[in-house]
Amino acid sequence: MSVPYETAACEAAESPESPEEHLARLLGRALNSFELPDETIQRLDCALAHDGSLHSAHHSAGLHRETYRHTWLLTDGSAVTLWELVHNTAPGSEPQHEVYADEEELHAATARLPLPSDDPDFELPVLVQLPPVPAPRHVYIPDDSADHARRLLRRAENADRPDPETAALLATAFAHQISQAFGRPGQPGRARPGFSLYEHAFLLCDGSELSLWEVEHTATPDGRHMCEVYATEDAARAAMERRAARRI
């Protein structure tokens, strides 16, 4: 027995679904889900969030057709949209669900339905569409990122390193990227110390991004290597300037 889309939507509102559950439910009720490209399904494995909304509807003479837009936000900042077609034009008038990865395929499937053409469709305005998702600043690598953040904070020797609240947020990280923002090697035989600044960018489970700024230097009394970690780039650069000024 099929579950009406409206009923399923209400159930989802009462008990929020994960992106994976939302996708599984959509594919489970679609009669043609096996026709979706494998590449599309594989990309959806790394979805962070999802959104579903009514796109258009047509009702006349006891027959109806609705189209729904399902969009997932991926870890690389891109989005994937699947189009669901729901109609009762099959024998027995039971609701039928179909899913398409391409909007043109959706339009072709809609045109094949035996619905009168003299009644106009109801289509929601563009204003209710899912807004564009801004691309993240980094290309993240899924890894044991929470442990990387923990080890980074543990080796920081500065007293003003990021607070426990930041550490708690980083415990939800599942991907990260390390990039060098500044580097000045020390010169053998001279008093000038070496400095390097690294950004450790983390992608959290809620889709937000958080960066730690690591300063590595040898501006210590005995010239040993030292690691400091800061919550902002400005704070990290200010620390480098203070350390360098003491050695001039």
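Residues numbered from 1 in each chain as written. Predicted model: local features only at pLDDT ≥ 70, side-chain atom pairs only at ≥ 80, totals over all residues. Heavy atoms only, no water.

A.B. asks: Help me understand the pairing of strand β4 (residues 96–100), please; the structure alone is not making it clear to me.
C.D. replies: Two faces, one strand: in a regular strand the side chains alternate between the faces of the sheet. Of all five residues in β4, five are buried; the element is thus mostly enclosed. Both faces of β4 are covered, namely the face carrying Gln 96, Glu 98 and Tyr 100 and the face carrying His 97 and Val 99. For strand β3 (residues 79–87) and β4, the ladder comprises five bridges, and the chain directions are antiparallel. Residue pairing for β4: His 87 is matched across the bridge by Gln 96. (Buried < 20%, exposed > 50% of the residue type's maximum accessible area, 1.4 Å probe, protein only. Helix = DSSP H or I, 4+ residues; strand = E, 2+ residues; numbered from the N terminus. Pairing = 2+ DSSP bridges.)

A.B. asks: Before we go on, may I ask you to explain the environment of Thr 172 in this structure?
C.D. replies: Among the structural elements, Thr 172 can be located in the loop between α6 (164–170) and β7 (173–184). A relative accessible area of 35% places Thr 172 in the partly exposed class. Taking the C-alpha atoms as reference, Thr 172 lies 9.4 Å from Phe 202; in sequence the two are 30 residues apart. Not counting residues within four places of it along the chain, the set of residues in contact with Thr 172 comprises Leu 204 and Cys 205. Here Leu 169 takes part through its backbone oxygen, which lies 2.7 Å from a polar atom of the side chain of Thr 172. (Contact = heavy atoms within 4.5 Å. Polar contact = N/O pair within 3.5 Å; in protein donor to acceptor, adjacent residues only side chain to side chain.)

A.B. asks: Sorry if this is basic, but what is going on with the confidence of the model for the chain here?
C.D. replies: When pLDDT is low, close inspection of the predicted coordinates is not appropriate. Here the chain shows a mean pLDDT of 79. Residues at 70 or above account for 79%. For the stretch residues 1–15, pLDDT sits under 50, and the model shows 13 contacts to residues farther than four places along the chain or on other chains. Across residues 122–131, confidence stays below pLDDT 50; counting only partners more than four residues off in sequence or on other chains, it has ten contacts. (pLDDT = per-residue confidence, 0-100.)

A.B. asks: It is not clear to me how the pattern of salt bridges should be interpreted in this structure. Could you clarify?
C.D. replies: Two side chains of opposite charge can pair, provided their charged atoms sit close to one another. Under the counting rule described, the total for this entry stands at seven salt bridges. Close ionic contact of Arg 29 with Glu 84 constitutes a salt bridge, the shortest N to O distance being 2.7 Å. Here Arg 29 is found in helix α2 (residues 19–29), whereas its partner Glu 84 is found in strand β3, with 55 residues between them in sequence. With respect to burial, Arg 29 and Glu 84 carry one shared label: buried. Across the salt bridge formed by Glu 157 and Arg 224, the nearest N and O atoms sit 2.8 Å from each other. Of this pair, Glu 157 sits in the loop between α5 (145–155) and α6 while Arg 224 sits in the loop between β9 (209–217) and β10 (226–230), and the two are 67 residues apart along the sequence. Residue Glu 157 is classed as partly exposed on the basis of its relative accessible area of 40%. (Salt bridge = Lys/Arg side-chain N within 4 Å of Asp/Glu carboxyl O.)

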